[in-house]
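# Commentary on secondary and tertiary structure
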Amino acid sequence: RLLEIGTFLGYMSIRLARSMPQDASLTTIEIDADNYAASRRIRAKALGKRDDSVIALKANASEALKSLKGPFDFVLMDHWKPDYARDLEALRQKGLLADKCMVVADNV
């Protein structure tokens, strides 16, 4: 299971979905309504049927983390940089990070 926090236009969602195993799923979170809508269109066109394995949430990441079910094996943090530490700690405290989970933080 993969988690992307900060979808923007979906480039990394597409890359992650294309590289993950067939039985894997990707949850991606985007707060901006325009970016969320654009990313859904772009991802659907790029992934076709594979887009069914992507769960896209239009939400504030810090709020969305409260309702997610884990654990995740991979987390990409690419959202509001000042929230990284708080959101990483929330993932840890809620037990959303699998043993040996890889966490990647972009543009820190």
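You'll find the structure just up there.
Residue positions are given per chain, counting from 1 as you read along its sequence in written order. Where local features are concerned, this predicted model is filtered to residues with pLDDT of at least 70; where side-chain atom pairs are given and counted, the filter is 80 or more; whole-chain, interface and lining totals use all residues. Values shown for side chains rest on all heavy atoms present in the structure; no hydrogens or waters enter the calculation.

## Observations concerning the pattern of salt bridges
Should their charged atoms come close, side chains of opposite charge can pair. Salt bridge, as used here: a side-chain nitrogen of Lys or Arg that lies within 4 Å of a carboxyl oxygen of Asp or Glu. Scanning the model with the defined rule gives seven salt bridges in all. In this structure, the salt-bridge partner of Asp52 is Lys49, at a minimum N-O distance of 2.9 Å. Exposure class is identical for Asp52 and Lys49. Each is exposed. Between Glu63 and Lys66 there is a salt bridge; the shortest N-O distance is 3.2 Å. Note on classification: 1.4 Å probe, protein chains only; a residue is buried when its accessible area is under 20% of the maximum for its type, exposed when over 50%, partly exposed between these limits. Classification of Glu63 by relative accessible area gives partly exposed; the value is 48%. Owing to a relative accessible area of 55%, Lys66 belongs among the exposed residues under this scheme.

## Quick notes on helix α2 (residues 33–47)
Taking 1.5 Å per residue as the helical rise, α2 with its 15 residues ought to reach 21 Å, and the 21 Å between its terminal C-alpha atoms agrees with that figure. Numbering of helices and strands runs from the N terminus, with a helix taken as a DSSP run of H or I at least four residues long and a strand as a DSSP run of E at least two residues long. Among the residues making up α2, those that are buried are Asn35, Tyr36, Ala38, Ser39, Arg43 and Leu47. Looking straight down α2, one finds that the buried residues subtend no more than 165 degrees of arc, so they occupy a single side. Turned more than 90 degrees from where α2 packs its buried face, Asp34, Arg41 and Lys45 sit exposed. We define a polar contact as two N or O atoms separated by no more than 3.5 Å, with the added condition that, inside protein, one atom must be a possible hydrogen donor and the other a possible acceptor, whereas residues neighbouring each other in sequence contribute only through side-chain atom pairs. Where α2 begins, the capping side chain belongs to Asp32, and its oxygen is found 3.1 Å from the backbone nitrogen of Asp34. Of the residues one or two after α2, Gly48 is the one with positive phi, at around 60 degrees. Multiplying 1.5 Å by the helix residue count minus one yields the expected span of that helix. Comment: arc refers to directions from the helix axis out to C-beta atoms.

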